[in-house]
Amino acid sequence: MKRRLFWTLAIAFLVNACASGPPPPPPEPPAPPPLDPTGTYDIVVYAEGMEVGGTMIIRASANGGYSGDIDTDMGGAAIANIAIDGQTMTFTIPEAGMSAEVEFEGDEFNGSMSGGMGDASITGVKRTGS
């Protein structure tokens, strides 16, 4: 009787161990929150060995999109066609014939611009409280 109980328990334990399988994989880390680029940024544009400082302002539009302006030591212009994909923002500066793509990390971004005036890189830091 004891021998039968031993083997019954041993088989039950073995079946239970095989049925449970490996532990589940750890959960995926949460996705970053949706990007809200609105605010005022201190920017630096690097082009052809020059650094040009300025500001970029991104505003939420009434239609659910975004609008903005860029003002540098070389002049100012409107920003158009602002699109968000994950942590990436693309936009154009029609007056300068430029298109840009920047990647946000927190309140900072890095990216590139290209157009009729050549290629440039751009960095920005959001002003506190904006």
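In case you missed it, the structure is sitting above this.
Each value, and the rule that gives it
- Residues numbered from 1 in each chain as written.
- Predicted model: local features only at pLDDT ≥ 70, side-chain atom pairs only at ≥ 80, totals over all residues.
- Heavy atoms only, no water.
- Helix = DSSP H or I, 4+ residues; strand = E, 2+ residues; numbered from the N terminus.
- Contact = heavy atoms within 4.5 Å.
- 1 Å grid on protein atoms, 1.4 Å probe; cavity = no way out; pocket = protein on both sides within 12 Å on 5 of 7 lines; lining within 4 Å.
- Points joined across faces, edges and corners; volume = space filled by probe spheres on them.
- Nonpolar A, V, L, I, M, F, W, Y, C, P; charged D, E, K, R; others polar.
- Pairing = 2+ DSSP bridges.
- Axes fitted to C-alpha atoms, helices over the stretch in contact; angles between N-to-C directions.

Caption draft 1: View of the side chain of T55. Mapped onto the elements, T55 comes out in strand 2 (residues 50-60). With residues up to four places along the chain from it excluded, the contact list for T55 reads Y41, D42, I43, D69, I70, D71 and R127.

Caption draft 2: Spotlight on the layout of surface pockets. Put simply, the largest pocket is a space of about 590 Å³. Along its surface, the largest pocket is lined by 20 residues, and V45, T72, M74, A96 and M117 are the ones closest to its centre. Elements represented by at least two residues in the lining of the largest pocket include exactly strand 1 (39-47), strand 2, strand 3 (66-72), strand 4 (75-85) and strand 8 (118-126). Across the lining of the largest pocket, the residue classes break down as 13 nonpolar, four polar and three charged.

Caption draft 3: Spotlight on the sheet that holds strand 4. Taken in spatial order, the eight strands of this closed barrel run 1-2-3-4-5-6-7-8, and their pairing is antiparallel. Each adjacent strand pair in this sheet contributes to an overall mean axis angle of 30 degrees, direction not counted. Looking at chain direction, strand 6 (residues 98-105) and strand 7 (residues 108-115) are connected through eight bridges and run antiparallel. By the bridge assignment, E103 is partnered in strand 7 with N110.

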